[in-house]
Amino acid sequence: MNHYFKGITLAVTGGTLWGLSGVVAQLLFTNPHLSAEWLISTRLFMAGLMILTYAFIKKESIFTWIYHKQDRRQLIIFSIFGMSAMQYTFFKAIQFTDASTATILQYTAPIFIFLFLVLTRKKVFNMTEFFLIILTLIGIVLITTNGQLDSLTISPRGFLTGVSSAIALAFYLLYPRRIMTKYGTLVVAGWGMLIGGMIFQLFSPFWQPNVQLTQGELFSLIFVITLGTAVPFIVFLSSLNYLPVTLASVLSALEPIVATIFSVWLFHRHFQPAELMGIVLVLITITLLSILDAKKVKPTSTHRQQ
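Residues numbered from 1 in each chain as written. Predicted model: local features only at pLDDT ≥ 70, side-chain atom pairs only at ≥ 80, totals over all residues. Heavy atoms only, no water.

Peer 1: Quick one: what's the story with the environment of Ile-57, residue by residue and with numbers?
Peer 2: Within the fold, Ile-57 resides in helix α2 (residues 36–57). C-alpha separation for the pair Ile-57 and Tyr-183, spaced 126 residues apart in sequence, amounts to 15 Å. (Helix = DSSP H or I, 4+ residues; strand = E, 2+ residues; numbered from the N terminus.)

Peer 1: Could you give an account of the packing of helix α3 (residues 69–96) against helix α7 (residues 156–174), with specific residues and numbers?
Peer 2: Taken N-terminus to C-terminus, the directions of α3 and α7 make an angle of 150°; their axes are 8 Å apart at the nearest point. Classed by the angle they form, the pair α3 and α7 counts as roughly antiparallel. The chirality of how α3 crosses α7 is left-handed. Along its contact with α3, which presents Ile-77, Phe-78, Phe-81, Gly-82, Met-83, Ala-85, Met-86, Thr-89, Phe-90, Lys-92, Ala-93 and Phe-96, the element α7 presents Arg-157, Gly-158, Thr-161, Gly-162, Ser-164, Ser-165, Ala-168, Leu-169, Phe-171 and Tyr-172. Residue composition of the contact of α3 with α7, grouped by class: 13 nonpolar, seven polar and two charged. (Axes fitted to C-alpha atoms, helices over the stretch in contact; angles between N-to-C directions. Parallel < 35°, antiparallel > 145°, perpendicular 65-115°, else oblique. Left-handed = near helix turned anticlockwise from the far one by under 90°. Contact = heavy atoms within 4.5 Å. Nonpolar A, V, L, I, M, F, W, Y, C, P; charged D, E, K, R; others polar.)

Peer 1: Can you lay out helix α10 (residues 215–239) for me, pointing to particular residues and giving the numbers?
Peer 2: Over its 25 residues, α10 runs 33 Å from end to end, which matches the ideal 36 Å to within 8%, given 1.5 Å per residue. Along α10, the sharpest kink reaches roughly 40°, centred on Val-231 and followed within four residues by the proline Pro-232. (Expected span 1.5 Å × (residues − 1). Bend = angle between axes of the 7 residues up to and from the residue.)

Peer 1: A description of the environment of Leu-213 should follow, citing residues and the corresponding values.
Peer 2: Residue position: Leu-213 is located in the loop between α9 (185–201) and α10. Sequence separation between Leu-213 and His-33 is 180 residues, and the spatial gap between their C-alpha atoms is 9.9 Å. Contact partners of Leu-213, with chain neighbours within four places excluded, come to Leu-34, Trp-38, Leu-218 and Leu-221.

Peer 1: Let's hear about the pattern of salt bridges: which residues, and what values?
Peer 2: Taken as a whole, this structure holds four salt bridges when the rule is applied. Across the salt bridge formed by Lys-92 and Glu-37, the nearest N and O atoms sit 3.6 Å from each other. Of the two residues, Lys-92 sits in helix α3 while Glu-37 sits in helix α2, which places them 55 residues apart along the sequence. The shortest N-O distance in the salt bridge between Arg-178 and Asp-71 comes to 2.6 Å. Pair noted here: Arg-178 is in helix α8 (residues 177–183) and Asp-71 is in helix α3, with a separation of 107 residues, a long-range link. When its relative accessible area of 35% is taken as the criterion, Arg-178 is described as partly exposed. Taken together, the shared-partner salt bridges connect Asp-71, Arg-178 and Lys-182 into one network. (Salt bridge = Lys/Arg side-chain N within 4 Å of Asp/Glu carboxyl O. Buried < 20%, exposed > 50% of the residue type's maximum accessible area, 1.4 Å probe, protein only.)

Peer 1: Give me the UniProt feature "domain: EamA" (unreviewed entry) in the protein chain: which residues, what numbers.
Peer 2: UniProt marks residues 6–144 and 158–290 with the feature "domain: EamA" (unreviewed entry), using the numbering shown here. Along residues 6–144 the backbone is 79% helical and 0% strand, and the end-to-end C-alpha distance reaches 37 Å. (UniProt positions renumbered as here; feature names shortened; annotations may be inferred.)

Peer 1: Hey, could you go over the packing of aromatic side chains for me, with residue numbers and the actual values?
Peer 2: For the coordinates displayed, the defined rule picks out 13 aromatic pairs. With 6.1 Å between their ring centres and 35° between their planes, Tyr-88 and Phe-200 make a pair best called tilted. Within this pair, whereas Tyr-88 is found in helix α3, its partner Phe-200 is found in helix α9, the two being separated by 112 residues in sequence. On the accessibility criterion, Tyr-88 (30% relative accessible area) is partly exposed. The class for Phe-200 is buried, based on a relative accessible area of 10%. Ring geometry for Phe-114 versus Phe-125: centroids 6.2 Å apart, planes at 55°, classification tilted. Here Phe-114, found in helix α5 (residues 109–119), pairs with Phe-125, found in the loop between α5 and α6 (127–145); they are eleven residues apart in sequence, far enough to count as distant. Ring pairs connect the aromatic residues Phe-29, Phe-90 and Phe-91, which therefore count as one cluster. (Phe/Tyr/Trp six-rings, centres within 6.5 Å; stacked < 30°, edge-to-face > 60°.)

Peer 1: How would you sum up the nonpolar core? Please name residues and give values.
Peer 2: If you look at the biggest cluster of nonpolar residues, it comprises 62 residues, and the most contacted ones within it are Phe-29, Leu-39, Leu-75, Met-83, Phe-91 and Trp-191. Broken down by element, the residue count for this core peaks at ten residues, all from α2. When neighbours within four sequence positions are excluded, Met-83 is seen to be in contact with Leu-44, Phe-78, Tyr-172, Ala-189, Gly-192 and Met-193. Counting 17 residues, the second largest nonpolar core, distinct from the first, contains Phe-114, Ile-133, Ile-154 and Leu-283. (Core = buried A, V, L, I, M, F, W, Y, C linked by side-chain atoms within 4.5 Å.)

Peer 1: Residue-level account of the side chain of Ser-79, with values.
Peer 2: Here Ser-79 is to be found in helix α3. Ser-79 sits in the buried class, given a relative accessible area of 0%. Discounting chain neighbours no more than four positions away, the residues touching Ser-79 are Ser-84, Trp-191, Gly-192, Ile-195 and Gly-196.

Here you go:
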């Protein structure tokens, strides 16, 4: 029971910190001169260094992949189209909408995973999962239209970047499974962040913020990098040593819930009844989809595939 409680505590901590990360990023974006590109550049680079340092301390082989051409190519592709694309579209969605909406839209990634696996015949069509996807889409319609089907309550840019972040997250989860099994999640994700961060340095170097950060903004930036990225990744991954992946999937639903609660508290975000119905519907259906998918993952490889 002590191990079980420890696992729950770690998973809850990870999900909560991830949810807070988006909210704190939204706080940073209240400064109109602070760009999403610079924030992503700084976040990826610094968090990647932290995670790789932690992996090195754990005596994991963090440089082995460099000597294998196929692995190098796959890791670079993952860094650009998985890690970087997911981070960029997510933060742009926050900039165009808010942390709650961006997180919920990104949370629909299992829909795209299901569609990809069925269309490529890597998965047998399942009517239960299809029904849950239809319910999820109904929830998204309620969130983005407030029940008024003739108009969007969020900007088209916000909707498109939010959906793009879900597609990027689906790629992020599916594409690197082979190298994650080979090298471990910490190593692959750490290098994915660091390489992605180095690419962003070409466009928005972290040492050139182009804005004078206040003390509060600097504290928020440090939070996003450490407690909002590196720490939750490590603690949530650690929870899988004590919990079944199905339970961890349920607890991961805390991320959009926390983002929604703090959006209401900090930004006085008011949700209409139709929006609330949509949020609840999406959270329930996506969590059930994640559980159904997690049950098909072999226990011995679970921690390598998150």
